[in-house]
Amino acid sequence: MCIITGASKGFGRALAHLVLNYLKTGSVLLLVARSRPLLQQLKEELLQNLKDMQEITIFCTVADLSTKEGVEDTVAMARQQSLKEIDHVLLINNAGNKAPIEYGLRRLFHRLFFTVNVKVAGARASLGDISPFENFTELERVNSYLAFNVSSVLALTAGMLQAFPPRAGLQWSVVNCSSMFAVQALPSWVLYCTAKAARDMMFRVLAVENPNVKVLSYAPGPMDTQMQEDIRRLTGIQYHLHPCRDSAAKLMRLLLDNDFVTACHVDFFDL
(Lines give C-alpha, C1' and ligand atoms only; values in the text may rest on other atoms or scores of the structure.)
Protein backbone atom coordinates (compact mmCIF):
# COMPACT_ATOMS: atom_id res chain seq x y z
CA MET A 1 0.00 0.00 0.00
CA CYS A 2 1.23 3.47 -0.90
CA ILE A 3 -0.18 6.71 0.53
CA ILE A 4 0.81 10.03 -1.07
CA THR A 5 -0.33 13.32 0.43
CA GLY A 6 -0.35 16.46 -1.67
CA ALA A 7 -0.87 14.18 -4.66
CA SER A 8 -2.96 16.39 -6.94
CA LYS A 9 -0.16 18.41 -8.53
CA GLY A 10 3.55 19.08 -8.70
CA PHE A 11 5.88 16.64 -6.97
CA GLY A 12 3.09 14.51 -5.52
CA ARG A 13 1.46 14.07 -8.90
CA ALA A 14 4.76 13.07 -10.50
CA LEU A 15 5.31 10.54 -7.72
CA ALA A 16 1.88 9.01 -8.25
CA HIS A 17 2.66 8.36 -11.90
CA LEU A 18 6.04 6.82 -11.08
CA VAL A 19 4.88 4.72 -8.13
CA LEU A 20 2.28 3.09 -10.34
CA ASN A 21 5.06 1.44 -12.37
CA TYR A 22 6.41 -0.38 -9.32
CA LEU A 23 3.29 -1.46 -7.44
CA LYS A 24 2.59 -5.16 -7.40
CA THR A 25 -0.71 -6.70 -8.46
CA GLY A 26 -3.21 -6.33 -5.63
CA SER A 27 -1.63 -3.14 -4.29
CA VAL A 28 -3.57 -0.12 -3.06
CA LEU A 29 -2.67 3.47 -3.95
CA LEU A 30 -4.24 6.16 -1.74
CA LEU A 31 -4.01 9.71 -3.10
CA VAL A 32 -4.72 12.61 -0.76
CA ALA A 33 -5.22 16.28 -1.62
CA ARG A 34 -7.63 19.18 -1.18
CA SER A 35 -8.77 19.44 -4.79
CA ARG A 36 -11.41 16.91 -5.84
CA PRO A 37 -11.26 17.78 -9.58
CA LEU A 38 -7.47 17.46 -9.73
CA LEU A 39 -7.51 14.19 -7.80
CA GLN A 40 -10.18 12.76 -10.08
CA GLN A 41 -8.23 13.85 -13.14
CA LEU A 42 -5.10 12.20 -11.76
CA LYS A 43 -6.97 8.99 -10.99
CA GLU A 44 -8.28 8.82 -14.56
CA GLU A 45 -4.77 9.33 -15.92
CA LEU A 46 -3.40 6.57 -13.73
CA LEU A 47 -6.17 4.13 -14.65
CA GLN A 48 -5.42 4.71 -18.32
CA ASN A 49 -1.76 3.92 -17.70
CA LEU A 50 -2.40 0.68 -15.85
CA LYS A 51 -1.30 -2.44 -17.66
CA ASP A 52 -4.15 -4.67 -18.80
CA MET A 53 -3.45 -7.39 -16.25
CA GLN A 54 -2.33 -5.06 -13.45
CA GLU A 55 -4.87 -5.19 -10.62
CA ILE A 56 -4.26 -2.07 -8.54
CA THR A 57 -6.89 -0.26 -6.52
CA ILE A 58 -6.72 3.54 -6.52
CA PHE A 59 -8.55 5.56 -3.87
CA CYS A 60 -8.79 9.34 -3.65
CA THR A 61 -9.37 11.19 -0.40
CA VAL A 62 -10.28 14.86 -0.51
CA ALA A 63 -8.92 16.22 2.75
CA ASP A 64 -7.46 19.36 4.25
CA LEU A 65 -4.65 17.99 6.39
CA SER A 66 -4.45 21.23 8.34
CA THR A 67 -7.66 20.11 10.09
CA LYS A 68 -8.42 17.35 12.57
CA GLU A 69 -11.16 16.07 10.27
CA GLY A 70 -8.81 15.90 7.28
CA VAL A 71 -6.26 13.83 9.16
CA GLU A 72 -8.90 11.52 10.62
CA ASP A 73 -10.65 11.01 7.26
CA THR A 74 -7.36 10.09 5.62
CA VAL A 75 -6.45 7.58 8.32
CA ALA A 76 -9.96 6.13 8.21
CA MET A 77 -9.73 5.57 4.46
CA ALA A 78 -6.40 3.80 4.86
CA ARG A 79 -7.66 1.76 7.82
CA GLN A 80 -10.34 0.23 5.59
CA GLN A 81 -7.52 -1.62 3.83
CA SER A 82 -5.98 -2.98 7.03
CA LEU A 83 -7.75 -6.32 6.77
CA LYS A 84 -6.18 -7.07 3.42
CA GLU A 85 -2.91 -8.94 3.08
CA ILE A 86 -0.49 -6.04 2.91
CA ASP A 87 3.24 -6.69 3.05
CA HIS A 88 4.53 -3.13 2.58
CA VAL A 89 3.22 0.29 3.62
CA LEU A 90 4.83 3.35 2.04
CA LEU A 91 3.74 6.75 3.37
CA ILE A 92 5.00 9.81 1.48
CA ASN A 93 4.39 12.99 3.49
CA ASN A 94 4.33 15.57 0.71
CA ALA A 95 1.32 17.78 1.46
CA GLY A 96 1.85 21.52 1.48
CA ASN A 97 0.57 24.80 0.19
CA LYS A 98 1.96 27.76 -1.68
CA ALA A 99 3.76 30.65 -0.06
CA PRO A 100 1.80 33.73 0.90
CA ILE A 101 2.83 36.55 -1.45
CA GLU A 102 3.79 39.57 0.60
CA TYR A 103 4.60 43.10 -0.47
CA GLY A 104 8.27 42.68 0.38
CA LEU A 105 8.80 39.48 -1.56
CA ARG A 106 10.39 41.04 -4.65
CA ARG A 107 13.10 42.86 -2.71
CA LEU A 108 13.70 39.90 -0.42
CA PHE A 109 14.12 37.41 -3.23
CA HIS A 110 16.46 39.70 -5.15
CA ARG A 111 18.62 39.85 -2.05
CA LEU A 112 18.42 36.11 -1.39
CA PHE A 113 19.15 35.04 -4.93
CA PHE A 114 22.36 36.99 -5.00
CA THR A 115 23.60 35.99 -1.56
CA VAL A 116 22.51 32.37 -1.13
CA ASN A 117 23.00 29.16 -3.06
CA VAL A 118 19.37 29.07 -4.05
CA LYS A 119 18.25 25.48 -3.87
CA VAL A 120 15.39 27.28 -2.13
CA ALA A 121 13.40 26.94 -5.32
CA GLY A 122 12.84 23.31 -4.44
CA ALA A 123 10.97 24.06 -1.25
CA ARG A 124 7.92 21.85 -0.83
CA ALA A 125 5.27 22.53 1.77
CA SER A 126 4.33 26.00 2.88
CA LEU A 127 7.06 28.61 2.98
CA GLY A 128 5.10 30.61 5.52
CA ASP A 129 5.51 34.34 5.96
CA ILE A 130 8.92 35.44 4.73
CA SER A 131 9.80 38.11 7.25
CA PRO A 132 12.50 39.03 9.82
CA PHE A 133 12.55 37.06 13.06
CA GLU A 134 11.33 39.95 15.25
CA ASN A 135 8.08 40.25 13.28
CA PHE A 136 6.71 36.95 14.57
CA THR A 137 5.02 38.19 17.74
CA GLU A 138 1.54 36.82 16.94
CA LEU A 139 1.23 33.40 18.52
CA GLU A 140 -1.75 32.40 16.38
CA ARG A 141 0.19 33.14 13.20
CA VAL A 142 3.11 30.94 14.28
CA ASN A 143 0.93 28.15 15.67
CA SER A 144 -1.17 27.99 12.51
CA TYR A 145 1.90 27.42 10.36
CA LEU A 146 3.50 24.85 12.65
CA ALA A 147 0.19 23.02 13.16
CA PHE A 148 -0.07 22.34 9.43
CA ASN A 149 3.58 21.67 8.66
CA VAL A 150 4.57 19.77 11.81
CA SER A 151 1.64 18.74 14.02
CA SER A 152 -0.59 17.38 11.25
CA VAL A 153 2.27 15.35 9.78
CA LEU A 154 2.94 13.81 13.18
CA ALA A 155 -0.75 13.02 13.74
CA LEU A 156 -1.18 11.55 10.26
CA THR A 157 1.91 9.35 10.49
CA ALA A 158 0.96 8.18 13.99
CA GLY A 159 -2.54 7.35 12.77
CA MET A 160 -1.18 5.31 9.89
CA LEU A 161 1.13 3.40 12.22
CA GLN A 162 -1.86 2.54 14.40
CA ALA A 163 -3.84 1.43 11.34
CA PHE A 164 -0.96 -0.79 10.18
CA PRO A 165 1.06 -1.76 13.28
CA PRO A 166 4.64 -2.68 12.39
CA ARG A 167 5.06 -6.45 12.62
CA ALA A 168 7.10 -9.29 11.26
CA GLY A 169 6.47 -9.64 7.56
CA LEU A 170 5.26 -6.07 7.13
CA GLN A 171 7.72 -3.62 5.59
CA TRP A 172 7.11 -0.01 6.65
CA SER A 173 8.64 3.01 4.86
CA VAL A 174 8.05 6.69 5.58
CA VAL A 175 9.25 9.55 3.40
CA ASN A 176 9.46 13.06 4.82
CA CYS A 177 9.65 15.67 2.06
CA SER A 178 12.34 17.86 3.53
CA SER A 179 14.57 20.72 2.38
CA MET A 180 18.17 21.82 2.57
CA PHE A 181 16.85 24.42 5.01
CA ALA A 182 16.15 21.71 7.55
CA VAL A 183 19.91 21.83 8.14
CA GLN A 184 20.87 25.30 6.92
CA ALA A 185 19.54 28.55 8.40
CA LEU A 186 18.27 31.24 6.06
CA PRO A 187 17.50 34.84 7.14
CA SER A 188 13.80 35.76 7.16
CA TRP A 189 12.70 32.15 6.69
CA VAL A 190 12.34 31.27 10.36
CA LEU A 191 8.99 29.48 10.00
CA TYR A 192 10.04 27.37 7.05
CA CYS A 193 13.44 26.43 8.47
CA THR A 194 11.98 25.67 11.89
CA ALA A 195 9.27 23.41 10.50
CA LYS A 196 11.62 21.52 8.21
CA ALA A 197 14.18 20.99 11.00
CA ALA A 198 11.43 19.85 13.37
CA ARG A 199 10.13 17.34 10.85
CA ASP A 200 13.57 15.86 10.23
CA MET A 201 14.04 15.36 13.96
CA MET A 202 10.52 14.04 14.40
CA PHE A 203 11.19 11.24 11.92
CA ARG A 204 14.60 10.54 13.43
CA VAL A 205 12.78 9.88 16.71
CA LEU A 206 10.40 7.53 14.91
CA ALA A 207 13.33 5.62 13.44
CA VAL A 208 14.98 5.25 16.86
CA GLU A 209 11.74 4.16 18.51
CA ASN A 210 10.82 1.67 15.84
CA PRO A 211 13.66 0.07 13.87
CA ASN A 212 11.05 -1.78 11.79
CA VAL A 213 10.09 1.52 10.15
CA LYS A 214 12.52 2.70 7.44
CA VAL A 215 12.58 6.51 7.39
CA LEU A 216 13.92 8.87 4.74
CA SER A 217 14.02 12.67 4.76
CA TYR A 218 14.35 13.67 1.11
CA ALA A 219 14.99 17.24 -0.08
CA PRO A 220 13.58 17.25 -3.65
CA GLY A 221 15.59 20.20 -4.97
CA PRO A 222 14.40 23.08 -7.19
CA MET A 223 11.38 21.94 -9.18
CA ASP A 224 9.23 23.54 -11.83
CA THR A 225 6.03 24.11 -9.85
CA GLN A 226 3.35 26.80 -9.74
CA MET A 227 4.94 28.23 -6.61
CA GLN A 228 8.16 28.77 -8.51
CA GLU A 229 6.26 30.41 -11.35
CA ASP A 230 4.80 32.90 -8.85
CA ILE A 231 8.28 33.63 -7.51
CA ARG A 232 9.68 34.02 -11.02
CA ARG A 233 6.84 36.36 -12.00
CA LEU A 234 7.35 38.59 -8.97
CA THR A 235 11.14 38.71 -9.03
CA GLY A 236 11.84 38.62 -12.76
CA ILE A 237 14.72 36.26 -12.02
CA GLN A 238 15.26 33.21 -14.22
CA TYR A 239 17.03 30.20 -12.73
CA HIS A 240 17.27 26.53 -13.55
CA LEU A 241 14.44 24.33 -12.34
CA HIS A 242 14.16 20.59 -12.69
CA PRO A 243 10.96 18.84 -13.81
CA CYS A 244 9.15 17.29 -10.87
CA ARG A 245 9.48 13.87 -12.51
CA ASP A 246 13.30 14.08 -12.31
CA SER A 247 13.27 14.52 -8.56
CA ALA A 248 10.51 11.94 -8.19
CA ALA A 249 12.63 9.46 -10.16
CA LYS A 250 15.57 9.99 -7.81
CA LEU A 251 13.37 9.39 -4.79
CA MET A 252 11.94 6.22 -6.31
CA ARG A 253 15.43 4.93 -7.02
CA LEU A 254 16.39 5.53 -3.39
CA LEU A 255 13.35 3.63 -2.19
CA LEU A 256 13.86 0.74 -4.58
CA ASP A 257 17.54 0.34 -3.78
CA ASN A 258 16.68 0.64 -0.07
CA ASP A 259 20.32 0.96 0.93
CA PHE A 260 20.04 4.35 2.66
CA VAL A 261 20.54 4.63 6.41
CA THR A 262 17.21 5.02 8.15
CA ALA A 263 16.37 8.61 9.19
CA CYS A 264 19.08 10.06 6.96
CA HIS A 265 18.67 13.36 5.12
CA VAL A 266 19.31 13.07 1.38
CA ASP A 267 19.34 16.02 -1.02
CA PHE A 268 18.47 15.91 -4.73
CA PHE A 269 21.93 17.26 -5.51
CA ASP A 270 23.65 14.50 -3.56
CA LEU A 271 22.38 11.86 -5.98
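Residues numbered from 1 in each chain as written. Predicted model: local features only at pLDDT ≥ 70, side-chain atom pairs only at ≥ 80, totals over all residues. Heavy atoms only, no water.

K.L.:
With reference to specific residues and values, describe the overall build of the protein chain.
P.N.:
Along the protein chain, the regular secondary structure elements total 8 helices and 7 strands. Partitioning the contacts of the protein chain with sequence separation of at least 6, the portion at a separation of at least 24 is 78%. (Helix = DSSP H or I, 4+ residues; strand = E, 2+ residues; numbered from the N terminus. Contact = heavy atoms within 4.5 Å.)

K.L.:
For the nonpolar core, give the residues involved together with the corresponding values.
P.N.:
Counting residues in hydrophobic clusters, the biggest one holds 36 residues, and the most contacted among them are Ile4, Leu29, Leu31 and Leu216. Here Leu31 is in contact with Ile4, Ala7, Ala16, Leu39, Leu42, Leu46, Ile58, Phe59, Cys60 and Thr61, once residues within four sequence places are set aside. Core analysis: the next-biggest nonpolar cluster, separate from the first, contains 32 residues, Met160, Leu170, Trp172 and Leu206 among them. (Core = buried A, V, L, I, M, F, W, Y, C linked by side-chain atoms within 4.5 Å. Buried < 20%, exposed > 50% of the residue type's maximum accessible area, 1.4 Å probe, protein only.)

K.L.:
Help me get a handle on the packing of helix α1 (residues 10–20) against helix α2 (residues 36–49), residues and values and all.
P.N.:
Following both chains from N to C, one finds α1 and α2 inclined at 25°, their axes separated by 10 Å at the closest point. In terms of their interaxial angle, α1 and α2 are classed as roughly parallel. Our pair here, α1 against α2, has a crossing hand that is right-handed. Listed contacts from α2 to Arg13, Ala16, His17 and Leu20 of α1 are Leu38, Gln41, Leu42, Glu45, Leu46 and Asn49. Grouping the constituent residues of the contact of α1 with α2 by class yields 5 nonpolar, 3 polar and 2 charged. (Axes fitted to C-alpha atoms, helices over the stretch in contact; angles between N-to-C directions. Parallel < 35°, antiparallel > 145°, perpendicular 65-115°, else oblique. Left-handed = near helix turned anticlockwise from the far one by under 90°. Nonpolar A, V, L, I, M, F, W, Y, C, P; charged D, E, K, R; others polar.)

K.L.:
Please provide a residue-by-residue account of the packing of helix α3 (residues 68–79) against helix α5 (residues 139–163), values included.
P.N.:
Between α3 and α5, the least distance of the axes is 9 Å, while the angle of their chain directions is 20°. Looking at the two axes, α3 sits roughly parallel to α5. For the element pair α3 and α5, the recorded crossing hand is right-handed. Residues Val71, Thr74, Val75, Ala78 and Arg79 of α3 touch α5, and the partners they reach there are Ser152, Ala155, Leu156, Gly159, Met160, Gln162 and Ala163. In terms of residue class, the contact of α3 with α5 is made up of 7 nonpolar, 4 polar and 1 charged.

K.L.:
Tell me what's going on with the pattern of salt bridges, and back it up with residues and numbers.
P.N.:
Under the definition given, this model contains 4 salt bridges. Note that Arg253 is salt-bridged to Asp257, the shortest N-O span being 3.4 Å. Pair noted here: Arg253 and Asp257 are both in helix α8 (residues 244–257), with a separation of 4 residues, about one helical turn. Arg253 gets classed as partly exposed once you look at its relative accessible area, which sits at 45%. (Salt bridge = Lys/Arg side-chain N within 4 Å of Asp/Glu carboxyl O.)

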